[in-house]
Amino acid sequence: MTRRAYDLLVVGELNVDILVKGDVEPVFGQVEKLVDSLQVTGGGSAAIFAAGAARMGLRVLFASVVGDDLFGRLMLDLMRDAGVDVSHVVVDPELATGSTIHLLRDDGDRAMLTDLGSIAHVSHDLVDADWYNDVRHLHVASPFLLERLAPSLPEMMRLANRAGMTVSMDTNWDPAEEWALPGFYEHLDVLLPNENELLALAGKTSLEAAIDAMLEQVPVLAVKRGAEGALGAQGQARIETSIFNVDVQDTTGAGDTFDAGFLAAWLAGGTLHQSLVLGSACAALTMTQVGGFNGQPGWDEALALVESQTPEHAPGLRSLVR
Ligand SMILES: Nc1ncnc2c1ncn2[C@@H]1O[C@H](COP(=O)(O)OP(=O)(O)O)[C@@H](O)[C@H]1O
Ligand SMILES: [Mg+2]
């Protein structure tokens, strides 16, 4: 294949998360209460994935739309800092950049308030037809959350296949719990759900049955199993990897950062096993810091973790680095 200008094309939302911590119930009647902390972070699984992939050295082209506002500028800054090409992101002065306030209680419960804003405007129109020939791989993140983009995704994936691109998808959760993805699977090279999502997508109650059912539609599965680790499936092969032991601070974006590490190895020619290990290392490292964009490693840091806890995988992974 001729060398293409980018490794990855990602289309998705750029939105801000405002995390408010403290055992405080908001009270109307203009009551002001003090909280323990308030933090503004970048959100959106496609964005967290793209940033993680860029930190792992992949050349990432990101298509999206933001408002001409502080949150939009913040998101573009975060993406640029990670090394993502956001030069084609549309800045629409008519829109507010999407944002969510998360009220986080000490007991682990949370309440969310979301202004969809620009998120509802992510569509296939943001993608230039020429890009299909300039990029090696298309990654689809959270199709159930992108209502306007979702109906175009099978066609996007078909165009990607036709242009010689490979395609992966992390479905994430379906808030409607319908789990219908008609016309999606036939274009996929890799599907990266978590375990609960896989069970729901396959309509099965056991992991084995769900894997067998999905492998009839998709050639490779990388299943994220939280603290149980990850499981890869391809043909008759089943590969289980365990987690890296780290000081977990926040699990936001762990699955998306897993996807980034997985594809960094996969696109470098790594085996399924190597890709699972690198994905797990990247996920573990992002968990050591609060916020999905924080703690995402580059190759050196990911390899150092692999070397320290599963040294048998280090030489093989190191040989993949360009
Ligand atoms: N406690 C943990 N310590 C270290 N790594 C973890 C831990 N929990 C999950 N991981 C890693 O993060 C990956 C993704 O997390 P998971 O919660 O399964 O995905 P998702 O965020 O998509 O639900 C897992 O496959 C595993 O490799
Ligand atoms: Mg996920």
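Here the residue index of a chain counts from 1 through its sequence in written order. Chain letters start at A and ligand numbers start at 1, both assigned in the order the entries are written. Only residues with pLDDT of at least 70 are given local features in this predicted model, and only at 80 or more are side-chain atom pairs given and counted; all residues enter the totals for whole chains, interfaces and linings.

> I'm lost on the overall build of the chain in this one. Help?
The secondary structure content of the chain amounts to 9 helices and 14 strands. For the radius of gyration, the atoms used are the C-alpha atoms, and the globule rule reads 2.2 Å times the number of residues raised to 0.38. Computed over C-alpha atoms, the radius of gyration of the chain comes to 19 Å, within 12% of the 20 Å expected from 2.2 N^0.38 for 322 residues, which places it in the range of a compact globule. Taken along the three principal axes of its C-alpha coordinates, the chain extends 60 × 45 × 40 Å. Burial is judged by counting other C-beta atoms within 10 Å of a residue's own C-beta: 20 or more means buried, 12 or fewer means exposed, and anything between counts as partly exposed, with every C-beta placed from the backbone. Per-residue burial over the chain gives 46% buried out of 322 residues. Put simply, DSSP H or I for four residues or longer makes a helix, DSSP E for two residues or longer makes a strand, and each gets a number counted from the N terminus.

> Looking at this structure, I do not really get the sheet that holds strand 10 (residues 166-170). What am I missing?
Picture the strands of a sheet paired through backbone hydrogen bonds; they go either parallel or antiparallel. Two strands are said to pair when DSSP picks up at least two bridges between them. Spatially, 4-1-9-10-11-12-13-14 is the arrangement adopted by the 8 strands of the open sheet, whose pairing is mixed. Strand pairing shows two members of the sheet lacking a second neighbour, strand 4 (60-63) and strand 14 (237-241), which therefore form its edges. Bridging between strand 1 (residues 6-11) and strand 4 involves 4 bridges; their strand directions are parallel. Its bridge partner being in strand 4, Leu 8 is matched across the sheet by Val 60.

> What should I look at first to understand the pairing of strand 9 (residues 135-141) in this one?
Side-chain direction in a regular strand flips from residue to residue, so the side chains alternate between the two faces of the sheet. Among the 7 residues that make up strand 9, 7 are buried, leaving the element largely enclosed by the rest of the structure. When strand 1 meets strand 9, the two strands line up parallel, connected through 4 bridges. In the strand pairing of strand 9, Leu 8 is matched with His 137. In the sheet, strand 9 pairs with strand 10 via 5 bridges, with the strands oriented parallel. Bridged to Val 140 within strand 10 is Met 169.

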